[in-house]
Amino acid sequence: MTNKAADAAAVKKDVRRTDISKRSIIVNKLGIYIVVAILLVVGLIIKQGDYVSIDNLRSILSAVALTGICCAGLAFVVYSANFNDMSLPMTIALSGMMAVQLIPFGIVVSVLGGLAAGTLVGVVNGVLIGKFRANPIIWTLAFNLVLSGIVRVAWGGSQIYPDVVAGDSPAALAAAEQFTSFARTYFLNGSLPLMVVVMIVLFVVAYILLTRTKFGNQLKIVGSNYEVAKLSGINTSKTIILAYVFCSFCAAVTGIFYASQTKIGAYSNGEGYDFSCLTAVLLGGMMLSGGKGTIVGVFGGVLVVGMLNNIMTLIGIPTFQQYLVTGLVFLFVVWLNTNSERKLGRA
Amino acid sequence: METTKKVKLNAGFINDYRAYIFLAAVLVAGLFANNFYTVFNFTSIFNSSALYTFIGIGFTLCMIAGHMDLSVGYMATLGAIMVLGMHTLSGLPWAVSFIIAIGVGALFGLFNGVLVAKAKIHSFIATLGTQFVIKGIMNIYCNGAEISVKGDYGLTDAMAVTVPVLPFSVYFLITLATVVIFAVVLSKTRFGRNVYILGGNLETAWLAGIKSDKNTIVIFMLSGIVCGFGGALYAVYTGTATPTLGEKGIAPLMVALTATIIGGTDINGGKGSVVNTFISILAIVAMFSVMTTIVGKFEMQILFIGIALAFCVIYETLSKYNKQKTIGLRPNLYNEYKKETGRQRI
Amino acid sequence: MSEMPNKTPAYALEMKNVTKRFPGTLAVDGVSFAVKPGEVHALVGENGAGKSTLMKVLAGLFNDYTGEILINGKECQLHTPSMAKDHGIGMIYQELSLARCISIYENMLAGRLPKKNALFVDKKEAIEQSKKLLERVGLDYIDPTKEISEISQCEAQLVEIAKVLGTSPHIIVMDEPTSALSSEEVKTLFGIIESLKKQGLAIIYISHHLQEIFEVADNITVMRDGKKVGTYPVEETSTDHLIEMMVGKSVKDFYAKRTATIGEEMMRVENFTRWGFFHHVDFEVHKGEVLAVVGLAGSGRSEIGRALVGVDPVNEGRILLNGKEQKFGSMSDAINAGIGYLTEDRKVAGLALTQSVTDNVLSTIIDKLEKGPFYYPKSHRDIVNQKIKELDIYPPEPDRIVNNLSGGNQQKVLMAKWLATDVSILILDEPTRGVDIGAKQTIHQAVLDYAARGNAVLLLSSDLPEVVGLADRAVILREGHIIGEISKEEITEHSLLIAANGEGKHIS
């Protein structure tokens, strides 16, 4: 057939383009681990053998665990083409404070209460953004402010402490003890923190959700093009709601660990997470335009953020310079991200 | 048709003037608060609205053009640090210090503008990153410490001087003048009108030969300039500048965002006014004052403006969601519908 | 135009041997074309005949056309939109070039608002200027400080014309200006065109509505397959003649003749109404049948399609599937009941362009492939491979990103996506718009095979040869109403065009 020949000719021209996109996909998937390797080498040069010591690796992992847990969830929001969940900070704070407040009712109620409070945030976000198509940034910013108000009014603007909340009852005190021990539980002779295990479990769950479930595969279409997904018989509202719910659930887990680690429930617990988590997620190759990126990559992004902070601290870069570096790294990553999107034909 | 028009007009009226209605409601509530209607209280309301107003102008300007500048809070903080740093630490005269503070604001505005217009990064993502760059640079400069006016309180005192009878300080008058300048620029100059067209429909702008990249960069620079200036004024007025100004209590960014949205600026651009934003800021600050005497809790203030903002966002979202359903309606079929059913609304 | 040059050239616009090539196609092939001042010159042709491309050349959207363009006798280059504007060419775009939330006068004078002094815009002067322009299009009753969103679509269309008049053009191009207007509004528009004509402007008028053309035009140029067929003074031609010129003869053999076995009724639509979009629509489709819904732009075709599958709301009427009434709240309800809808614009609503062929083909059936929440796309390779083979998608790589396929193959993927659903009724909205002839053939064969397997097809198309080749029956849609029906034997491009224009014996 003549059109076959024409097609073949057209494709010949195309091949070059696919090669580039294939290569860029590989770079997107694995590139981040090349950065991990480079940072490892840099770390080794700076601290020699000490860098790969159990102690240092543990401290890197512990340091990234809180961000990492949150990123596993945020990845879904980015993947659904809703850019960022600006209500992460207050979701983290709310779930932490809720958990601390519920300690007198036992550790199970405390944890479940914290998770439920956080997850509820995701439901509200999901309905407004997924169903009614609210502007995701403006809405989550607004809701963050509402939550901030609720949390501050409910607790009178003060911090709460597990042992103080528990009061005199021995059962409650035991629960408070248990609560604060979450962040201090280690496996394998003290080398593997519970937080890291939870992070890895959540990443596995996220990986399965995104690649091996109907939800994940539908979210891919929803993220690429909402209208197409709607007209393909995909329940777009439900899919986006689920993405936000998972995101908030992960944030709630972060919130509980955060409160447990600091032994404080405070409205300022989650400050800065909206930004640092987005950095890690984008670094891991999630595309802001939606529907592109992998959980494996996001995990790499989390590692890089952790190692970068670790190395900066090891070299002795002061906090303020670290802000600057983080900001510049973020902008650079976003620029790369936007550029490769444009190469894929979508700006 | 008549009835629908009327209903629309009413809803539209409330919607268009919601900033003023909000202010009126707060003023009524003020009747029940102690010492609300005093010259002293009004002076303090006006003075504390100044910083928010500058940030609000920057934010509104960008939003009219269809962008979001999340770095306005830090931009103002940077202005504050720079002016006092230059004056107190480096011993430069006030005028030079102000020029440097404004210049640095303009520089970061340029940075934002280039990221958005040339690198094509979503504005809220780009400015989210710029925030941290500014935070880093600012803290490196001042070493994370507060900078104060040392000894030289002349200008600080001058700004606090109030005009006779009216509760206006010099500080507030400068703020007012800035609002007027920006209102005039936006409504009366070609540049200002182009900002609206850019935000309203890029296609229209393109066909009319309006250079969108250049204008976007200028818009972000203006936002940086006005925020830098506002921050600098605030620092001089209060006599100190801290690098955490943008984070303390209710973040100024959130007040600016809330005021912009309550003031009726369209989230997608093309519509809005700095005067409405200013009115909303006055209403918010007055509400804070009322609440301090009635409720006595600072926390309630956050909750209230949070709810006000969320309410407006939900309202806009739902009205857009409903409007979507009648896009493409054919007028002749609509007339037929009215004839056939006697009903007016679909 | 206020003043004419002393030596009036014979033509306001002359295009000589203009050619514009796209990769793979010759969109405009050596077209020569001339318009006198004070003349309304209509440009007609079927979809893809090259009219729009020719006008885009005139609008300065391409810098790689060949041939000569003379304006008022002077040769000029039109490589950018502003060059076109400077040479006095005014394009009337659809509403999209107006910003809805901005006042009328500012829309009209966007980018060139008059200034009072170095700084300020002279609002009074701007309003005066816009009022004068609005008067020229009969909108003297409208307050130019109103926003575009406050006026009707017809008025917005007229504002668009007034806006273009503001740039004092010699030549105005109107592309389908009436598609959103009612018949009374069309009359208003024609009155305005008449007065513009008297003011000495040259007007190029593009429309599918032939009646309108006979009402408004002085001369008519027919285009077909990128070439000019001929120019005829309006009094020397007729609808019949024009349609013959537009249709040509060559395509007749393109479609293999077939005899469809048409079975029992599968879907019946009764009194189907979405107020303001289409009213009281009735039709039925049978097993094995391809029913075409034919209508000109703006007749409500796609709206019916969207409402049938539950994406848009329905106010009245019902859908019966195999005799049972059905209600769909969403697209997935419709798919479950056995109706699929291939959307019109593959880039906007058809395909997830940044995803692979596999993801796109399976996107409609994710919920059905496996029980439970889990899903393994890799285990459904065979479905995808089979569809790739069936539709001859080239290159046959399931993992290829759709964006990296040619337009024709993208459209095949869209078709594959819906064939994969196994629905028994498929609504096809412009299934072959803008694809090459090879892909078109493949898709058409797939449609016929699909119908032959005992399914029903509802074809919403403005591509008349396609309708003639595929349809077993056609219903005619005009301004949201079904106005007639044509049987298989009588479907020709000719009869369809006449009926779609609201004339002829098929109109009931």
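Please read these numbers as outputs of a predicted model, since none were measured by experiment.

As for the overall build of chain C
(1) Moving on: Broken down by element type, chain C carries 18 helices and 20 strands.
(2) Moving on: Relative to the globule expectation of 23 Å for 508 residues, the C-alpha radius of gyration of chain C, 25 Å, shows essentially globular dimensions.
(3) Moving on: Each principal axis of the C-alpha atoms in chain C carries an extent, and together these give about 75 × 50 × 50 Å.
(4) Moving on: Residues counted as buried form 53% of the 508 residues belonging to chain C.
(5) Moving on: Taking all contacts inside chain C whose residues are at least 6 apart in sequence as the whole, residues at least 24 apart take part in 68%.

Focus on the interface of chain A and chain B
(1) Moving on: Taken together, the contact between chain A and chain B spans 37 residues of the former and 37 residues of the latter.
(2) Moving on: Listing elements by their share of the side of chain A that touches chain B, those giving two or more residues are helix 5 (136-154) and helix 14 (319-343) of chain A.
(3) Moving on: Taken together, the residues of the side of chain A that touches chain B break down into 25 nonpolar, 9 polar and 3 charged.

As for helix 1 (residues 51-58) of chain C
Residues and elements named next belong to chain C.
(1) Moving on: Burial analysis of helix 1 places 6 of its 8 residues in the buried class, which makes it a mostly covered element.
(2) Moving on: Every buried residue belonging to helix 1 is among Lys51, Thr53, Leu54, Lys56, Val57 and Leu58, and all of these are buried.
(3) Moving on: Trailing helix 1 by a residue or two, Gly60 shows a phi angle of about 80 degrees, which is positive.

A few points about helix 12 (residues 252-262) of chain B
(1) Moving on: Burial runs high along helix 12 of chain B: 11 of the 11 residues are buried.
(2) Moving on: Inspection of helix 12 of chain B places Pro252, Leu253, Met254, Val255, Ala256, Leu257, Thr258, Ala259, Thr260, Ile261 and Ile262 of chain B among the buried residues, and these make up the whole buried set.
(3) Moving on: Turning to helix 12 of chain B, the residues buried within the fold contact helix 5 of chain A together with helix 2 (18-30), helix 3 (39-64), helix 4 (72-89), helix 13 (274-294) and helix 14 (298-323) of chain B.
(4) Moving on: Positioned one or two residues after helix 12 of chain B, Gly264 of chain B has a phi angle of 90 degrees, which is positive.

Regarding the packing of helix 8 (residues 170-188) of chain B against helix 9 (residues 190-200) of chain B
Residues and elements named next belong to chain B.
(1) Moving on: Viewed as axis vectors pointing N to C, helix 8 and helix 9 meet at an angle of 70 degrees, and their least axial separation amounts to 5 Å. By the angle between their directions, the pair helix 8 and helix 9 is classed as roughly perpendicular. Contacts between helix 8 and helix 9 involve Val185, Leu186, Ser187 and Lys188 on the former and, on the latter, Phe191, Gly192 and Val195.
(2) Moving on: Residues belonging to the contact of helix 8 with helix 9 are distributed by class as follows: 4 nonpolar, 2 polar and 1 charged.

Quick look at the sheet that holds strand 9 (residues 219-224) of chain C
Residue and element names in this part refer to chain C.
(1) Moving on: The mixed open sheet is built from 6 strands, whose spatial order is 6-7-8-3-9-10. In this open sheet, the two strands that pair with only one neighbour each are strand 6 (89-92) and strand 10 (227-233). Across the sheet, the mean angle from the axis of one strand to that of its neighbour is 20 degrees, orientation sign disregarded.
(2) Moving on: Alignment of strand 3 (residues 40-44) against strand 8 (residues 202-206), held across 4 bridges, turns out to be parallel.

Quick look at the sheet that holds strand 18 (residues 456-460) of chain C
Residue and element names in this part refer to chain C.
(1) Moving on: Across the sheet, 6 strands lie side by side as 16-17-18-13-19-20; this open sheet has mixed pairing. Either end of the sheet is taken by a strand with one partner, and the two such strands are strand 16 (339-342) and strand 20 (481-487). Across the sheet, the mean angle separating the axes of adjacent strands is 20 degrees when strand polarity is ignored.
(2) Moving on: Here strand 16 runs beside strand 17 (residues 425-429); their pairing, made up of 4 bridges, is parallel. When the sheet's bridge partners are listed, Leu342 is paired in strand 17 with Leu428.

Side note on the confidence of the model for chain C
All names here are of chain C.
(1) Moving on: When pLDDT is averaged along chain C, the result is 87; 96% of the residues meet or exceed 70.
(2) Moving on: Low pLDDT, under 50, characterises residues 1-6; the stretch is placed with 7 contacts to residues that sit more than four places away or in other chains.
(3) Moving on: Predicted complex metrics record ipTM = 0.91 and pTM = 0.90.

Focus: unusual backbone geometry
(1) Moving on: Residue Pro395 of chain C is bonded to the preceding Tyr394 of chain C through a cis peptide linkage, with omega at -5 degrees.
(2) Moving on: Not every positive phi belongs to a glycine, and Lys263 of chain A is a case in point at roughly 60 degrees.
(3) Moving on: Note that Lys263 of chain A resides in the loop between helix 11 (236-262) and helix 12 (273-283).
(4) Moving on: At Asn322 of chain C, a position not held by glycine, the phi torsion is positive, near 50 degrees.
(5) Moving on: Along the chain, Asn322 of chain C falls in the loop between strand 14 (316-321) and strand 15 (324-326).
(6) Moving on: With 15 C-beta atoms packed within 10 Å, Asn322 of chain C lands in the partly exposed category.

Describing the environment of Met91 of chain C
Residue and element names in this part refer to chain C.
(1) Moving on: Residue placement: Met91 occurs in strand 6.
(2) Moving on: A tally of 24 C-beta atoms within 10 Å means that Met91 is categorised as buried.
(3) Moving on: Considering only alpha carbons, one finds Met91 and Glu160, 69 residues apart in sequence, at a separation of 9.3 Å.
(4) Moving on: Residues in contact with Met91, not counting those within four places in the same chain, are Ala59, Val164 and Val173.

Let's talk about the domain arrangement of chain C
In many analyses, interface size is given as the accessible surface area lost on bringing the parts together.
Residues and elements named next belong to chain C.
(1) Moving on: Taken as a whole, chain C is organised into domain 1 (13-249) and domain 2 (253-500).
(2) Moving on: At the junction of the two partners, domain 1 supplies 11 residues and domain 2 supplies 11 residues.
(3) Moving on: Here the residues of the side of domain 1 that touches domain 2 are counted per class, giving 3 nonpolar, 6 polar and 2 charged.

Re the nonpolar core
Burial of nonpolar side chains together is a common tendency in soluble globular proteins.
(1) Moving on: Residues Leu74, Ala75 and Val281 of chain A together with Leu459 and Val467 of chain C are the most contacted members of the largest nonpolar core, which totals 398 residues.
(2) Moving on: The leading source of residues in this core is helix 11 of chain A, at 17 residues.
(3) Moving on: If you count residues domain by domain, this core takes at least three from each of domain 1 (13-249) and domain 2 (253-500) of chain C.
(4) Moving on: Leaving out residues up to four positions away in the same chain, Val467 of chain C has contacts with Ala292, Val294, Leu459, Ser461, Ala474, Ile491 and Leu496 of chain C.

Section: the interface of chain C and chain B
(1) Moving on: Contacts between the two partners involve 28 residues from chain C and, on the opposite side, 29 residues from chain B.
(2) Moving on: For the side of chain C that touches chain B, the elements supplying multiple residues, two or more each, are helix 2 (81-86), helix 3 (104-108) and helix 5 (153-165) of chain C.
(3) Moving on: Of the residues assigned to the side of chain C that touches chain B, the class counts are 15 nonpolar, 10 polar and 3 charged.

Describing the pairing of strand 11 (residues 265-274) of chain C
Residue and element names in this part refer to chain C.
(1) Moving on: Note: strand 11 against strand 12 (residues 278-286), 6 bridges, orientation antiparallel. By the bridge assignment, Val269 is partnered in strand 12 with Phe283.
(2) Moving on: Turn length for the strand 11-strand 12 hairpin, with the two strands adjacent in sequence and antiparallel, is 3 residues, and the turn residue Gly276 shows positive phi of about 90 degrees.
(3) Moving on: Sheet analysis places strand 11 next to strand 14, joined by 5 bridges and oriented antiparallel. Counterpart to Val269 in the pairing with strand 14 is Ile319.

Conventions adopted
- Every chain begins its residue count from 1, and numbering advances along the sequence as written.
- A letter from A marks each chain and a number from 1 marks each ligand, given out in the order of writing.
- Predicted model: local features are reported for residues with pLDDT of at least 70 only, side-chain atom pairs are reported and counted for 80 or more only, and whole-chain, interface and lining totals are derived from all residues.
- Working definition: helices are DSSP H or I runs of at least four residues, strands are E runs of at least two. Numbering for both runs from the N terminus.
- For a compact globule the rule gives 2.2 Å times the number of residues to the power 0.38, and the radius of gyration it is set against comes from C-alpha atoms.
- Three exposure classes are used. Buried residues have 20 or more other C-beta atoms within 10 Å of their own C-beta, exposed residues have 12 or fewer, and partly exposed residues fall in between, all C-beta atoms being placed from the backbone.
- Two residues qualify as a contact pair if the distance between their C-beta atoms, derived from the backbone, is within 7 Å.
- Throughout, the ten residues Ala, Val, Leu, Ile, Met, Phe, Trp, Tyr, Cys and Pro are labelled nonpolar, Asp, Glu, Lys and Arg are labelled charged, and all others, Gly among them, are labelled polar.
- Fitted lines through C-alpha atoms serve as axes, helices being fitted only where they are in contact, and the angles separating the N-to-C directions of these axes extend from 0 to 180 degrees.
- Small angles under 35 degrees read as roughly parallel and large ones over 145 as roughly antiparallel, with 65 to 115 read as roughly perpendicular and the rest as oblique.
- By this definition, two strands are paired if DSSP reports at least two bridges between them.
- pLDDT measures how confident the predictor is about each residue, on a scale from 0 to 100.
- For the purposes of this description, domain bounds are those given by an automatic or database domain assignment.
- Put simply, a nonpolar core is a cluster of buried Ala, Val, Leu, Ile, Met, Phe, Trp, Tyr and Cys residues tied together by C-beta atoms within 7 Å.

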